[in-house]
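Topology and contacts: notes
Here is what each chain is made of, one letter per residue.
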Amino acid sequence: MADRILVAYATRYGSTADVAEAIGDELRKAGETVDVRPFTDIADLSPYRAAVIGSPIYMGRWLPESQVFIEKNQQFLRTIPVAYFAVGLTVKEGTHELIRKAEASMDQVRLLVQPVEVGVFPGKLETGRLTIADRAIVKLIRAEAGDFRDLAAVRAWARAVREKIAQA
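Keep in mind that what you see is a predicted model, and the values were worked out from it rather than measured. (Residues numbered from 1 in each chain as written. Predicted model: local features only at pLDDT ≥ 70, side-chain atom pairs only at ≥ 80, totals over all residues. Heavy atoms only, no water.)

1. Observations concerning the environment of V68
Mapped onto the elements, V68 comes out in helix α2 (residues 64-77). Owing to a relative accessible area of 48%, V68 belongs among the partly exposed residues under this scheme. Through-space distance from the C-alpha of V68 to that of V109 is 9.3 Å; in sequence the pair is 41 residues apart. (Helix = DSSP H or I, 4+ residues; strand = E, 2+ residues; numbered from the N terminus. Buried < 20%, exposed > 50% of the residue type's maximum accessible area, 1.4 Å probe, protein only.)

Structure follows, in structure tokens:
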């Protein structure tokens, strides 16, 4: 019998992985059995009764591997409660318009599998870790370096997701 919750994610530089771990930790504190894994480490979804799926926002979209994972597994994912989260620097100001744009990064996956909840969180930018191409993009858009994650907000969202999963 499926009794675990999967927190699955893609990440480029680790910020989304850290957010996924915070979600998993909060679910564990509430008594859930949770696996936190990158998409590349997931072969079988049958042990899971729910999934929390996340990706960084890159150029206004989720990373391709996030969408591929959902496309590949959409038949199963449609049978369990699923929540989506996105991590991006553009939402650090927290304006309604910026949040709306960040949520739009999930529009394609929402068409595949409708989530019970969606969360959008600011990430972190460490310019020293970026590829040359990503440094050029950061310079072009004048992104501010720093750690803008709010793990208290992530944990509160995880608690709300747990309630939605229980009700589904």
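2. Digging into the pairing of strand β3 (residues 48-58)
The element β3 is extensively covered by neighbouring structure, given that 9 of its 11 residues are classed as buried. Direction of pairing for strand β1 (residues 4-9) relative to β3: parallel, over a ladder of 6 bridges. Along β3, the bridge assignment pairs R4 with Y48. Bridge analysis of β3 against strand β5 (residues 82-87) gives 6 bridges, and the strand direction is parallel. Note that in β5 the partner of A51 across the bridge is V82. As paired elements, β3 and strand β4 (residues 61-62) share 2 bridges and run antiparallel to each other. (Pairing = 2+ DSSP bridges.)

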